[in-house]
Amino acid sequence: MADRTPTHDRKRARTGRRAALLAVACALTAAGCGGGSGPEAAGGSPGASTPASPAQAAKSLLPGMPPPLDEHDVYAADRPNKLAPQVRNFPSRVYVPNTGSDTVSVIDPKTYKVIETIPVGVQPQHVVPSWDMKTLWVNNNRGHDLTPIDPATGRSGQAVDVHDPYNLYFTPNGKYAVVMASMDKELVFRDPKSMEVRKTVPVSCAGVNHADFSVDGKYFIVSCEFSGELLKVDTERMKVVGQQKLPFRGAMPQDVKMSPDGRTWYVADMMADGMWVLDGDTFEQPKLMPTGKGTHGLYVSRDSKKMYISNRGEGSVSLLDFKSGKLVDKWHIPGGGSPDMGGVSADGNVLWLSGRYNSEVYAMDTRTGKTLAKIPVGEGPHGLAVYPQPGRYSLGHTGIFR
């Protein structure tokens, strides 16, 4: 078992961290600025202003991480059509990895038609935008490699050898790629471009799967789907600092997402049929919020007010209101389906989800919940990426942007 997070002085730690973040945020302009990798890499402009006190920023954030635009909303850079300069001219597409067909279906969102099918490696699981947002990485889990796709042209490149790449994330400062090596029971920190190994972290849980990063970037929480556990990992030290078993027999945690203010974490659980709700700072035992059968994917609306929750086992999407912390609606796909992973369109009007067991993709109106289209794709569609999306940089998965 990994060391558990200390419990003393929790309130003091949380208060101090948030106060420091507020000081940093207040020193920024609305346009934001880059971190150690430069403003251009983070989607800002070369002339963007910087924090009044770099030393203060260094103390409160993961070193090299671009400061948040708004300390109260980690998704403030994800507003409708707020595309970074480096992705602004990319054609709008939906990239769908088909785990059973070893292909990626490319959908034109304007026509709801598949316009191309790209052969990739064995069992592609997710299509993941790189930290600098210039490359899409197809995670060929059983092929043990990553296929790069250039989103400017739609062309695939030479595969890069990476063992057991079930899922892929990037640290908020862009320093490392983090491969979720599910069957290997490892978190593998790699160079974000060459994918050369920098550090391998063995874990004692089974099925490392999904993750999200804290507001300050200093830690991330990982779901372990096969052993029903959660990990808390120190980003800079690349070390597991907390581990807990979920209080549900047969728990199978999936997607992980943080509330806009960073105070609450949500973990989808497909066997518990709901979301686990917890405080990431204290990492205490979470509480279960029932949402629907086979709860799987979690996606934030472009205005940061709601979260879309895919219930794969019943063909529905639940809506959580962040302000009240309560479920406010549920949309059902006509004729049923198996909504899994996906993302929100750049304008915020359409939720795109793969139909894992139906060889189809769903497009749903985020204002009415109406299913706009069911699009036939390959076998076993999984972690589709809607691209491009707003934001300054990518934390990975199917698109977590900040």
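We now turn to the structure provided with this report.

1. A few points about the nonpolar core
Item 1. If you look at the biggest cluster of nonpolar residues, it comprises 37 residues, and the most contacted ones within it are L168, M180, V208, F220 and L231.
Item 2. Sorting the residues of this core by element identifies β9 (167–170), β10 (177–181), β11 (186–190), β13 (208–213), β14 (219–224) and β15 (229–234) as the ones contributing at least two each.
Item 3. Element by element, the count of residues in this core is highest for β10, at five residues.
Item 4. For M180, the residues in contact, after removing those within four places along its chain, are D164, P165, Y166, N167, Y169, E186, L187, V208, N209, A211, F220 and V222.
Item 5. By size, the runner-up hydrophobic cluster in this structure holds 26 residues, among which are Y219, I221, L230 and V267.

2. Thoughts on the sheet that holds β11
Item 1. Strand order in this open sheet of four strands is β9-β10-β11-β12, and the pairing throughout is antiparallel. Here the strands that pair on one side only, and so sit at the sheet edges, are β9 and β12 (197–202). Along the sheet, successive strands turn relative to each other by an average axial angle of 20°, direction set aside.
Item 2. Of the pairings in the sheet, the one linking β10 to β11 comprises five bridges and is antiparallel in character. Pairing of M180 across the sheet is with L187, part of β11.

3. Re the sheet that holds strand β18 (residues 265–269)
Item 1. Across the sheet, four strands lie side by side as β17-β18-β19-β20; this open sheet has antiparallel pairing. Strands at the two margins of the open sheet, each flanked by one partner only, are β17 (253–258) and β20 (287–290). Across the sheet, the mean angle from the axis of one strand to that of its neighbour is 25°, orientation sign disregarded.
Item 2. Relative to strand β19 (residues 274–278), β18 runs antiparallel, the two sharing five bridges.

4. Let's talk about the state of the cysteines
Item 1. Evaluated as defined, the whole model comprises one disulfide.
Item 2. In this model C205 forms its disulfide with C224; the gap between the sulfur atoms is 2.1 Å. Since a negative S-S torsion denotes a left-handed disulfide, the C205-C224 link at about -50° is left-handed. Linking C205 in the loop between β12 and β13 with C224 in strand β14, this pair joins segments that are 19 residues apart in sequence.
Item 3. Take C224: its relative accessible area is 0%, and that puts it in the buried class.

5. Focus: the pattern of salt bridges
Item 1. Across all of its chains, the model carries twelve salt bridges by this definition.
Item 2. In this structure, the salt-bridge partner of D191 is R198, at a minimum N-O distance of 3.6 Å.
Item 3. Put simply, R237 and D234 hold a salt bridge, and the shortest N to O gap is 3.2 Å.
Item 4. Residues participating in the shared-partner salt-bridge network are D191, E196 and R198.

6. Details of the packing of aromatic side chains
Between two aromatic rings, the relevant description is the distance of the centres plus the angle of the planes.
Item 1. Following the criterion strictly, the structure yields ten aromatic pairs and no others.
Item 2. Here F90 and Y387 contribute two aromatic rings whose centre-to-centre distance is 6.3 Å and whose plane-to-plane angle is 35°, an arrangement assigned as tilted. Note that F90 is positioned in the loop between α2 (54–60) and β1 (93–98) and Y387 in strand β29 (residues 385–387), a separation of 297 residues in sequence.
Item 3. You can call Y387 buried: its relative accessible area is 1%.
Item 4. Between Y387 and F401 the ring centres are 6.4 Å apart and the planes differ by 35°, which places this aromatic pair in the tilted class. With Y387 in strand β29 and F401 in the segment after β29, this pair connects stretches of sequence that are 14 residues apart. In terms of burial, Y387 and F401 fall into one category: buried.
Item 5. What links up through ring pairs into an aromatic cluster is the set Y176, F189, F213 and F220.
Item 6. Across from the ring centre of Y219, 4.3 Å away, lies the NZ or CZ of K232, which sits over that ring.
Item 7. The residue whose ring lies beneath K257 is Y299, and the NZ or CZ to ring-centre distance is 5.7 Å.

7. Re the pairing of strand β4 (residues 124–129)
Item 1. Taken across its six residues, β4 has six buried, putting it largely inside the fold.
Item 2. Relative to strand β5 (residues 136–140), β4 runs antiparallel, the two being bridged by four bridges. Looking at the pairing, V127 lines up with V138 of β5.
Item 3. Hairpin connection between β4 and β5: a loop of six residues separates the two successive antiparallel strands, and M133 in this loop has a positive phi of roughly 70°.

8. Notes on the environment of Y112
Item 1. Tracing the backbone through its elements, the reader meets Y112 in the loop between β2 (103–108) and β3 (113–119).
Item 2. Judged by relative accessible area, which is 27%, Y112 ranks as partly exposed.
Item 3. Measuring from C-alpha to C-alpha, the distance between Y112 and I375 comes to 6.7 Å, with 263 residues separating the pair along the chain.
Item 4. Excluding its chain neighbours within four sequence positions, the residues that come into contact with Y112 are I107, W352, A363, L372, A373 and I375.

Parameters and conventions
Residues numbered from 1 in each chain as written. Predicted model: local features only at pLDDT ≥ 70, side-chain atom pairs only at ≥ 80, totals over all residues. Heavy atoms only, no water. Core = buried A, V, L, I, M, F, W, Y, C linked by side-chain atoms within 4.5 Å. Buried < 20%, exposed > 50% of the residue type's maximum accessible area, 1.4 Å probe, protein only. Helix = DSSP H or I, 4+ residues; strand = E, 2+ residues; numbered from the N terminus. Contact = heavy atoms within 4.5 Å. Pairing = 2+ DSSP bridges. Axes fitted to C-alpha atoms, helices over the stretch in contact; angles between N-to-C directions. Disulfide = S-S within 2.5 Å. Salt bridge = Lys/Arg side-chain N within 4 Å of Asp/Glu carboxyl O. Phe/Tyr/Trp six-rings, centres within 6.5 Å; stacked < 30°, edge-to-face > 60°. Lys NZ or Arg CZ within 6 Å of the ring centre and 35° of its normal.

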